[in-house]
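# Breakdown of the fold
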Amino acid sequence: GAAGATGLALGATGGALVQSALSDSPAGSPGSAGSLASLGATRVAFHGEHQAGITDPLQAKGHVLAFDLAPGAGRKEAAALLRRWSDTARRLMAGETAPTADSGIALDAGPSSLTLTFGFGHSFFDRTGLTARRPAALDPLPDFSSDRLDPQRSNGDLWVQIGADDALVAFHALRAVQKDAGEAARVRWQMNGFNRSPGATASPMTARNLMGQVDGTANPRPKDPDFDKRIFVPGAGPGPAEHSWMAGGSYAVVRRIRMLLDDWDKQSLAQQEQVIGRTKATGAPLTGGDEKTALALDKLGPDGKPVIPSNAHARISAPAQNGGAAMLRRPFSYHDGIGPDGTPDAGLLFICWQADPLRGFVPVQRKLDRGDALSEFIRHESSGLYAVPPGPGDGEYVGQRLLE
Ligand code: HEM
C-alpha cells in the first residue's frame, strides 16, 4: 500500500488518502474531515512496491482467513485464483463492485480504507510443485513451551487479511474472496477482529488492546532509517535467485492469543503496570516521561530493584534485549463470546511483519516464552507463518512472479 509513506498505522489517521469518485457527499450530509463521508472515501492503493495492509493505519474491522487448495488443484488453479483475488482486491479497494455477481453488501459505502493482503503458507509450495522456490524463512516456527495450538486453526496453503473502517465493507470483501475461491480452494479457518473506530478519540492516538493497555507504542516507524530493512525482503542481494519473487515482500506471523481476562482483571492497577513496565493510562514507561520516552531499563528503585521489572513484557521484547530483533505489530482484537468454561473467548489476533522471522518474531517469542510476566494471562491458541509477496505492478496479479 502506498499509504506507508505517511506515518504508520498504529494510532495515526490518514495514510495515502486518494479521494475516490464516491467521496462526493450527498446533499445535507456532513462534509467535514472525519465525517462519515470522508471515512468512506478513504482509499488505499492496490498497486505498489509492497502490498497494502502492512504499513497502513489499523482499520476498525478485520477478517483473517486461511485457505487450503482443493484436492487436485495445483499451480495452474492457484495462479488463476490469485488472478481473480487480485482483480477483486483492485476493484473493491477502489470502491467499485466485485467483478462477478456483486453481493450488494457494500452498496452506498466508499472503500473505507479497505485493504486485502495475500500470502502463501509452507504447504502451498508442496501442493503446487514449487518447493524449490520456497524460501527458508518459511520453515515452520519452532515449538514454544507455552503453545496451546489448535492445528485446525493454524497454518494453511493461502492466507488473506482484510481490513476496513466499515464492517459491511469488510464483510463484503470477505464474501467476494470466499466466492472467488470457487472450486480451487476451501476455507481452513477464519477469524474476525476489530480495533477502535477512527474519530472515536479526541485526537489520533495509539490503539488499546482488550487488557486496556496502550499497544503499539514502540513499533518501528516508516521514517526509521532501518525500517525497510527490518520489515521488507531486500530487492537485490546475496539471496538465491529462485527466491527473488519475494523481493519487496514481507513475512507475516499470525497468532491467535487468548487473553485470560477474568484473571487479568483481578490484578490491581499497579500489578498490571508491572507486567508490562508501562503505565496503563498513557503507556509511558514506569521510569517516567510520556508515551514516547525510552524505557530506562537500568534505573533502580529505592528497593535496589529495577523499576521496570526484569520480567516486564516491554523489557523482554525490546530489540536491545534480542540482538536487534524487531517486527511491526499490526493486530486486531477479537471477541467470540463466552467459552465453555464461562470466560470470554477474547484476545489479540497478533499479526507481526518482518523481513525474516528469525530476526523478528522467533527470537523475541523464545525470550517471552521463557519468562514474560504476561504469560500467565495469555494463551497462544493458533499460529501461522506466511510469505506475503511484494505489491503487484500495474497489470500484474499478486504472486505472479512466483506463479507464472
Ligand atoms: C510491546 C502487549 C504479545 C512483542 C508491548 C506493549 C504492550 C504489549 C502493552 C507495550 C507498548 C508497545 O510498545 O506497544 C502485548 C499483549 C500481547 C503481546 C497484550 C498478547 C496478548 C506479544 C508477542 C510478541 C510481542 C507474542 C512477539 C513475539 C512486542 C514487542 C514490543 C511489545 C517487540 C515492543 C518492545 C519495545 O521495543 O519496547 N506489547 N504483547 N508482544 N510487544 Fe507485546
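Small disclaimer: the values here were computed from a predicted structure and weren't measured.

### Some thoughts on the overall build of the chain
What the chain contains, in helices and strands, is 10 helices and nine strands. Taken over 404 residues, the chain has a buried fraction of 52%. The long-range share in the chain, meaning contacts at least 24 apart out of those at least 6 apart in sequence, stands at 78%. Just so you have it, the chain exposes about 17400 Å², and 53% of that area is on carbon and sulfur atoms.

### Examining the packing of helix α2 (residues 75–93) against helix α4 (residues 167–181)
How two helices pack is summed up by the angle between their axes together with the distance between the axes. Relative orientation of the contacting elements α2 and α4 amounts to 160 degrees, with a least axis distance of 9 Å. In terms of orientation, α2 lies roughly antiparallel with respect to α4. For the element pair α2 and α4, the recorded crossing hand is right-handed. Of α4, the residues touching α2 (which contributes Leu81, Arg84, Trp85, Thr88 and Leu92) are His172, Ala173, Ala176, Val177, Asp180 and Ala181.

### Notes on the nonpolar core
Counting residues in each nonpolar core, the largest one holds 75 residues, and the members touching the most others are Trp85, Phe124, Ile162 and Leu403. Of the residues forming this core, the biggest block, eight residues, is contributed by α2. With residues near it in sequence (within four places) discarded, Leu403 still touches Arg75, Ala78, Ala79, Leu82, Phe120, Phe124, Leu130 and Tyr397. One finds Trp159, Phe227, Leu349 and Val388 within the second-largest nonpolar core, a separate group that totals 19 residues.

### Here's the deal with the coordination of the iron atom of the ligand
Protein coordination of the iron atom of the ligand is limited to a single donor, His313 (NE2), positioned at 2.1 Å. Looking at the element boundaries, His313 is found in helix α8 (residues 313–316).

### Examining the environment of Arg379
Tracing the backbone shows Arg379 in strand β9 (residues 378–388). Expressed as a C-alpha distance, the spacing of Arg379 and Gly347, which sit 32 residues apart in the sequence, is 9.1 Å. Ignoring any residue separated from it by four or fewer positions in sequence, one finds Arg379 in contact with Arg148, Arg256, Ile257, Arg258 and Leu260.

### Focus on the site of the ligand
As a matter of local geometry, the ligand sits amid 28 residues, with Gly216, Thr217, Ala218, His313 and Arg329 nearest to it. The separation between an oxygen atom of the ligand and a polar main-chain atom of Gly216 is 2.6 Å. Contacts to the ligand include Thr217, whose backbone N or O atom sits 3.0 Å from an oxygen atom. Sorting the residues of the shell around the ligand by element identifies β5 (250–259), α8, β8 (344–354), α9 (361–371) and β9 as the ones contributing at least two each. Broken down by element, the shell around the ligand gets its largest block of residues, four residues, from α9. Of the residues contributing to the shell around the ligand, the split by class is 17 nonpolar, eight polar and three charged.

### Details of helix α7 (residues 269–276)
Because an α-helix packs 3.6 residues into every turn, residues spaced three or four apart end up facing the same way. Residues Gln272, Glu273, Val275 and Ile276 constitute the buried set of α7. Axial view of α7: buried residues confined to an arc of 150 degrees, hence all on one face. Gly277 lies just past α7 and shows a positive phi near 95 degrees.

The rules behind these values
- Residues numbered from 1 in each chain as written.
- Predicted model: local features only at pLDDT ≥ 70, side-chain atom pairs only at ≥ 80, totals over all residues.
- Heavy atoms only, no water.
- Helix = DSSP H or I, 4+ residues; strand = E, 2+ residues; numbered from the N terminus.
- Buried < 20%, exposed > 50% of the residue type's maximum accessible area, 1.4 Å probe, protein only.
- Contact = heavy atoms within 4.5 Å.
- Areas by Shrake-Rupley, 256 points an atom, 1.4 Å probe, with all protein chains shown as cover.
- Axes fitted to C-alpha atoms, helices over the stretch in contact; angles between N-to-C directions.
- Parallel < 35°, antiparallel > 145°, perpendicular 65-115°, else oblique.
- Left-handed = near helix turned anticlockwise from the far one by under 90°.
- Core = buried A, V, L, I, M, F, W, Y, C linked by side-chain atoms within 4.5 Å.
- Donors = N, O, S within 2.8 Å, 3.2 Å for Na, K, Ca; no water.
- Near = heavy atom within 4 Å.
- Polar contact = N/O pair within 3.5 Å; in protein donor to acceptor, adjacent residues only side chain to side chain.
- Nonpolar A, V, L, I, M, F, W, Y, C, P; charged D, E, K, R; others polar.
- Arc of directions from axis to C-beta.

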